[in-house]
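If you want the building blocks of each chain, they are given just below.
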Amino acid sequence: MMSYVGCYVLAARIFFFSLYRDYAFQVALDAQAECKALSNTVIKTLAVLLYFAGGIFVSSSMWVLGITGTYLGDYFGILMDKRVEGFPFNVMDNPMYMGSAMIFVATSLWNAKLVGLQLSAVIWLVYRLAIILEGSFTSYIYAHRDQDEARFRKILGSSRNDYNYDP
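From a predicted model like this one, the values you see are computed outputs, not experimental measurements. (Residues numbered from 1 in each chain as written. Predicted model: local features only at pLDDT ≥ 70, side-chain atom pairs only at ≥ 80, totals over all residues. Heavy atoms only, no water.)

1. What about the packing of helix H1 (residues 2-30) against helix H3 (residues 95-111)?
The criterion, for reference: Note on definitions: angles span 0 to 180 degrees between N-to-C directions of axes, and those axes are lines fitted to C-alpha atoms, for helices only across the stretch in contact. Numbering of helices and strands runs from the N terminus, with a helix taken as a DSSP run of H or I at least four residues long and a strand as a DSSP run of E at least two residues long. We call two directions roughly parallel when the angle between them is under 35 degrees, roughly antiparallel when it is over 145, roughly perpendicular when it lies between 65 and 115, and oblique otherwise. It is the rotation of the near helix from the far one that decides the hand of a crossing: anticlockwise by less than a right angle makes it left-handed, clockwise makes it right-handed. Any two residues whose heavy atoms approach within 4.5 Å are treated as being in contact. Note that Gly is not counted as nonpolar here; it falls among the polar residues with everything else outside the nonpolar set of Ala, Val, Leu, Ile, Met, Phe, Trp, Tyr, Cys and Pro and the charged set of Asp, Glu, Lys and Arg.
Between H1 and H3, the least distance of the axes is 11 Å, while the angle of their chain directions is 25 degrees. For the element pair H1 / H3, the angle class is roughly parallel. When the axes of H1 and H3 are compared, the crossing they make is right-handed. The residues of H3 that touch H1, namely those facing Arg21, Asp22, Phe25, Gln26 and Leu29, are Ser100, Phe104, Thr107, Ser108 and Asn111. Here the residues of the contact of H1 with H3 sort into three nonpolar, five polar and two charged.

This is the structure:
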C-alpha cells in the first residue's frame, strides 16, 4: 500500500514540475524573435503533424501504462505482469519520451523560434540519458522478478500472486 502512496506522490511532483517546465519553455520562446526561415506553410504543417503524432505517442503510452507505469511505479516495486509490447511500444521503444520531444519541436516550429529548437535538443538529450538509466534498471528488475518468481514457485509450489504478495 505504501508503495502506491509513494508512487502517486512522485507522480504529482513530476506532473507539476512538467507544467512548470512547459511554462518556462513557452516563456523562453516568447522572449525570442521569430526566425523568418521557419515562418512558412510547410514548417507550420510539419509542426501540426509532429504535435499530433507526439500527442498520440504520449497519451497512448499513458493509457497503456496507467499512473504507476507512467510515473516510475517499478521503482516502488509496482510491476506490470509483463512488458508492454503493443501500440505505441511496437512503433518505438520509448514513445512517451520521444512523443514529448516531438511536441517541443513542434511548438518551436509553430512559433518559428530557433531557441525552441535548441531547448528541444537539450530536452531530447536529457530524455536519452533517462532512457539509458531507466532502460537498464527496468530490464534488471523484470529479470530479477522472473527469477524470484521461479524460486518462489519451486519452494511453495505456486505463484506468489496466489498469496497476495505485495513487496
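Additional details are given in the paragraphs that follow.
2. Looking at helix H2 (residues 41-70)
The cut-off we apply is this: Helix span, expected: 1.5 Å multiplied by one less than the number of residues in the helix. Here the bend at a residue means the angle between the axes of two seven-residue stretches, the one that ends at it and the one that starts at it. Accessibility here uses a 1.4 Å probe with only protein chains present; expressed as a share of the type maximum, an area under 20% marks a residue as buried, one over 50% as exposed, and anything in between as partly exposed.
Between the first and last C-alpha of H2 there are merely 35 Å, a value that for 30 residues lags more than 12% behind the 44 Å anticipated at 1.5 Å per step. Where H2 bends most, the angle comes to about 75 degrees, and this point is Val64. All buried positions along H2 are accounted for by Ile43, Ala47, Leu50, Gly54, Phe57, Val58, Ser60, Ser61, Leu65, Thr68 and Thr70. Tucked into the core, H2 has its buried residues touching H1 and H3. Positive phi shows up at Leu72, right after H2, with a value of about 60 degrees.

3. Describing the packing of aromatic side chains
Pairs of aromatic rings are described using the distance from one ring centre to the other and the angle between the two planes. Selection criterion: In this scheme Phe, Tyr and Trp rings, the latter by its six-membered ring, pair at centre separations within 6.5 Å, and the angle between planes marks the pair as stacked below 30 degrees, edge-to-face above 60, and tilted otherwise.
Counting across every chain of the model gives six aromatic pairs. Seen in terms of ring centroids, Tyr20 and Tyr23 are 6.4 Å apart; in terms of plane orientation they differ by 40 degrees. Their pairing is tilted. In this pair, Tyr20 and Tyr23 are both assigned in helix H1, three residues apart and thus about one turn of the helix distant. Accessibility classification places Tyr20 together with Tyr23 in one group, the exposed group. With a centroid separation of 6.0 Å and an interplanar angle of 85 degrees, the aromatic rings of Tyr51 and Phe52 are classed as edge-to-face. By relative accessible area, which is 41% here, Tyr51 ends up partly exposed. According to the relative accessible area criterion, Phe52 is exposed, its value standing at 54%.

4. Structural notes on the nonpolar core
The following threshold applies: Here, the term nonpolar core denotes a set of buried Ala, Val, Leu, Ile, Met, Phe, Trp, Tyr and Cys residues that are joined through side-chain atoms within 4.5 Å.
Counting residues in each nonpolar core, the largest one holds ten residues, listed as Cys35, Leu38, Ile43, Ala47, Leu50, Phe57, Met102, Ala106, Leu109 and Ala112. For this core, the secondary structure elements donating two or more residues are H2 and H3. It is H2 that contributes the most residues to this core, four residues altogether. Sequence-distant contacts of Cys35, that is, excluding residues within four places in its chain, are made with Ala112 and Leu114. Counting residues in hydrophobic clusters, the runner-up holds seven residues, among them Phe25, Leu29, Ala101 and Ile123.

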